[in-house]
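# Fold and geometry: a report
Read off the chains here:
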Amino acid sequence: MVASAAQMDTPDGTPRRATAAGHWLRWPTVQAQRWLYDALYRTGLARTMWDRDTPDEALVRWCDDAPPGRALDIGCGTGTHAVFLASRGRGVDAIDFSAPAVEATARRAGDARVDVTSLQADVFRYDAPPYALVVDYGCMHNLDPETRAAYASRVAALTAPGGLFVLMALAPRWRVVDWRVLGPHHIPARVVGALFERDFTLEDSAEVAHYWEHAPRVYRPLSGPYQGRAYKLRRRG
């Protein structure tokens, strides 16, 4: 599962503020998060913690239900999903806020000889013609709750009418206090539905592998009682 921390500045360009929502402690700025994830990608710890080489099974099942056309991978990490989509014959644009992640995506695409353009970019400022397929495997659940509505509007603008948006977000397995000191928020399915109901129709959802399931056992207590969940959303219009 690719889960880059594509955590962005707020839409007006001001740095992300610390929030206590769901956590006892949060990193205070987007820059601090960028330093953290840059280090994780540069040292290879991202690969031992959450990154892997095989695409999520839900995306494999759903991607061909999108109309023909170019795809966008938001928070691309090291490019597993971007390269997979390109291998299915789509041109892909892959964005992330971490330069080492973007560089890793470019290397992976070059090795696979597929059509992927990787860019270091802020999703709130990124502008392009609407895509037939948009995927997010790790961006939204790293955003402040206060920016989620703006994020949903940005995704709607980037998804063509009739196009498909595939989102993976961590969801709590049961109601519990999130005790970790940093990391992604955990978003119940009802919250995801409410965020996107104005512009999208939810067609399907599926559990995906536990966020840290393939990580060394020493890391697994950091994940808490949470499960990745994928959502298949069709753009209305």
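Before reading further, recall that the structure is shown in the block above.
What comes next is a walk through the structure.

Definitions and cut-offs
- Residues numbered from 1 in each chain as written.
- Predicted model: local features only at pLDDT ≥ 70, side-chain atom pairs only at ≥ 80, totals over all residues.
- Heavy atoms only, no water.
- Helix = DSSP H or I, 4+ residues; strand = E, 2+ residues; numbered from the N terminus.
- Buried < 20%, exposed > 50% of the residue type's maximum accessible area, 1.4 Å probe, protein only.
- Areas by Shrake-Rupley, 256 points an atom, 1.4 Å probe, with all protein chains shown as cover.
- Phe/Tyr/Trp six-rings, centres within 6.5 Å; stacked < 30°, edge-to-face > 60°.
- Salt bridge = Lys/Arg side-chain N within 4 Å of Asp/Glu carboxyl O.
- Expected span 1.5 Å × (residues − 1).
- Contact = heavy atoms within 4.5 Å.
- Pairing = 2+ DSSP bridges.

### A word on the overall build of the chain
- If you tally the helices and strands in the chain, you get 7 helices and 7 strands.
- From first element to last, N terminus to C terminus, the chain shows the α and β order α-α-α-β-α-β-α-β-β-α-β-α-β-β.
- By residue count, 57% of the 237 residues in the chain fall in the buried class.
- A total of about 10100 Å² of accessible surface is found on the chain, and carbon and sulfur atoms cover 56% of it.

### Some remarks on the packing of aromatic side chains
- Scanning the model with the defined rule gives 4 aromatic pairs in all.
- For the ring pair phenylalanine 165 and phenylalanine 196, a centre distance of 5.4 Å and an interplane angle of 50° mean the geometry is tilted. Taken as a pair, phenylalanine 165 in strand β5 (residues 159-172) and phenylalanine 196 in helix α7 (residues 189-196) lie far apart in primary sequence, 31 residues in all. Across this residue pair, the class does not change: phenylalanine 165 and phenylalanine 196 are buried.
- Connected via pairs of aromatic rings, a cluster forms that spans Phe165, Phe196 and Phe200.

### Side note on the pattern of salt bridges
- What the rule picks out here adds up to 11 salt bridges.
- Residue aspartate 122 pairs with arginine 125 through a salt bridge whose shortest N-O separation is 2.8 Å.
- By relative accessible area, arginine 125 is classed as partly exposed at 49%.
- The salt bridge involving arginine 235 is made with aspartate 199; its shortest N-O contact spans 3.8 Å.

### A closer look at helix α5 (residues 99-112)
- When the terminal C-alpha atoms of α5 are compared, their 20 Å separation across 14 residues agrees well with the 20 Å that a helix rising 1.5 Å per residue should span.
- When we look at burial in α5, the residues that qualify are Pro100, Ala101, Val102, Ala104, Thr105, Arg108 and Ala109.
- Of the residues trailing α5, arginine 113 is marked for its positive phi of about 55°.

### Thoughts on the environment of isoleucine 95
- Structurally, isoleucine 95 is set in strand β2 (residues 92-96).
- Placed 13 residues apart in sequence, isoleucine 95 and alanine 82 show a C-alpha to C-alpha distance of 9.6 Å.
- What isoleucine 95 contacts, discounting residues up to four positions off in sequence, is Leu72, Asp73, Ile74, Gly75, Cys76, Leu119, Ala121, Val123 and Tyr126.

### A closer look at the pairing of strand β4 (residues 131-137)
- Burial runs high along β4: 7 of the 7 residues are buried.
- Sheet topology note: the strand β1 (residues 71-74)/β4 ladder contains 4 bridges and is parallel. Bridge pairing in β4 links leucine 72 to valine 134.

Note that all results are geometric; they support no functional claim without further evidence.
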